Amino acid sequence: MIAILGLGIVAYAAPSREVSVVSPVSFTFYFGGDTGYYGGDLAESNSSNRMIQPDFFLDLGDISYNGTSTGNPPTGNEADWCNFIKVNVQNRLSNPSFPYVFVTGNHDDGNPLTPQKDGYIDAFIANNCMPLSAFNSTATAGNGYINFVGSGLCSESSTCYGKEGYFDYPAANPIARIITITVADIVGNSTDPTANINFNYCPLSVCGMPIMDQHWNWLTGVIAAAKAAGRWIIVAFHKPCLSPDLATGCEGNGMPNGHNPNFQLESYLMSHGVDVLLNGHAHIYARSKQLTCLGPSEPLSGSTVGIAYDPTCVANDGSSDVYTRGKGTVEVIQGVFSQRDEQLNFSRPDINYFAKAMSARGSLTITPADCCWAYGSLVDMASGNGVGMMSVNATEVSFAWVPSVFSHNTESPSKFSDSFVIRPPSNPTNNASPPTKNTSPPFDWSLLLLTSGAVAILTITVLTVLLVRRRSKTTAGQGSQPLRTKMMRRGSLRRFETGYLGRLVCYGYLCLGRQADQEYRKSLVPGHSEGIE
């Protein structure tokens, strides 16, 4: 009997030839906006770059500032920044095809009619700079492979990379969709305004603009498809609508039909299953609460006070640093990759949408001169430049702000830090997001059945032996047919030992196979039915 039980355990423990083992899927990427090292903070930008060891880096726009911001021509210097990345990032990682993925900022739109002329996105991704082809080819598939899919709506140039598209990652077994778009900006280097593209997202029924409606329909379709596939959805663009700093407003590039397209966009993203928003533009760091809306107050384009705080938009205040997947969106503004000239506005109503925020300035000019905001309170501590680090697996997204150089209040023993995690709900049936793809090996039910059968045989055998012995004693005490009973008992045991399991018949807590039940009934002395109720 011990041998039978042991056989079942060994069979269950032995690996099945039919089990297909799938390695856990996960990846880590770093991100930052306003990365220009010509902004006066080369050392800080360099320090941040040297920390990079991820699967890819996502640059959230305002790439170099090496144009009119520093007295240089508006374009033509993009390769300087690319060479800096090749030396300090790609060469350091011994990977000349390391993916350094771009998002267009307002300093990189190439538009000669805008005041910020510091480069053109098409020059940053050109063959002599950092082309998409370096890490978007089958030659690198499985190792930093970025399968970028453009929207096809970027008529001002030959490609949508850097402006509007997405890639599913990892390409071979995707668990997340990273969508990169341009918001509230006109992209193109033509002096003919009609030749450039106004990138904004707003339905025709709201803003009345067919071009915005085209981009809206593309974006909402891409999000819906990712949600249906159960993938994490991360949307990255330069200009946030929501920000807790002094200078950044909800830029909409106009108010078509009386509406702010950026407000319309972020309201949609927060209410339709997007997990994380990544932004730059504001030269601060900030992490929002988990939000489902931005309230009923639609701000004028560029307004810093037009968004009112609505507590009903908050699904999770973020004080535990743990968010629940499917309950709303978490926005991260990471504009302190190399810049540190902005401050927080503690009197701004929508600062209450944020769990934590930080100014990296070395000398604050506001009162009170506090760097930071943490869970509804002003705090002062060491703060400075840094980079965002995000790790993703099939069931969890985790984030940490990684500091590089502290500038404000460096003597403080308390240093600003931040991290959070997004996890499935404790009761997955209540999850508003689609279930994630199951990457666990398939369960081998044959092993479980074999084990269960062995245990059942052992249990029934033991119960039968005890039962028959009890019947034997009963019939012997009454002096009737002891030899026949003994033979019956041996026959019944022999049938069990040779595999008669049969259909189970239960008396109270006692369950016997069909053959055992027949022998059991025959062994009973007429008039005595003890054990049966």
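Everything below is about the structure printed above this text.
Criteria and cut-off values
Residues numbered from 1 in each chain as written. Predicted model: local features only at pLDDT ≥ 70, side-chain atom pairs only at ≥ 80, totals over all residues. Heavy atoms only, no water. Buried < 20%, exposed > 50% of the residue type's maximum accessible area, 1.4 Å probe, protein only. Helix = DSSP H or I, 4+ residues; strand = E, 2+ residues; numbered from the N terminus. Contact = heavy atoms within 4.5 Å. 1 Å grid on protein atoms, 1.4 Å probe; cavity = no way out; pocket = protein on both sides within 12 Å on 5 of 7 lines; lining within 4 Å. Points joined across faces, edges and corners; volume = space filled by probe spheres on them. Nonpolar A, V, L, I, M, F, W, Y, C, P; charged D, E, K, R; others polar. Polar contact = N/O pair within 3.5 Å; in protein donor to acceptor, adjacent residues only side chain to side chain. Pairing = 2+ DSSP bridges. Axes fitted to C-alpha atoms, helices over the stretch in contact; angles between N-to-C directions.

A closer look at helix 7 (residues 261-271)
With 10 of 11 residues buried, helix 7 is to be regarded as a mostly interior element. Along helix 7, the residues that are buried comprise P261, N262, F263, Q264, L265, E266, S267, Y268, L269 and M270. Residues of helix 7 that are buried make contact with helix 5 (204-207), helix 6 (210-228), strand 9 (232-236), strand 10 (276-279), strand 12 (290-291) and strand 15 (330-334). Of the residues one or two after helix 7, G273 is the one with positive phi, at around 90°.

Observations concerning the layout of surface pockets
What the largest pocket holds in volume is close to 300 Å³. Forming the walls of the largest pocket are 17 residues, and the residues nearest its centre are D55, G142, N143, G144 and Y169. Looking at side-chain class alone, the lining of the largest pocket contains 10 nonpolar, 6 polar and 1 charged residues.

Topic: the side chain of R177
Note on placement: R177 falls in strand 6 (residues 176-180). Side chain to side chain, R177 and D168 meet in a polar contact 2.7 Å long. Excluding anything up to four places from it in sequence, R177 contacts Y166, F167, D168, V222, A225, A226, R231, W232, I233 and I234.

Brief notes about the sheet that holds strand 4 (residues 149-150)
Spatial ordering of the open sheet is given by 4-5-6-9-10-15-11-16-17-18, a layout of 10 strands whose pairing is mixed. The sheet terminates laterally at strand 4 and strand 18 (377-379), the two strands that pair on one side only. Strands in contact with helix 6 are strand 5 (165-169), strand 6 and strand 9; relative to strand 6, the strand with the most contacts, it is inclined by about 170°.

All quantities given are derived from atomic positions and should not be read as evidence of function.
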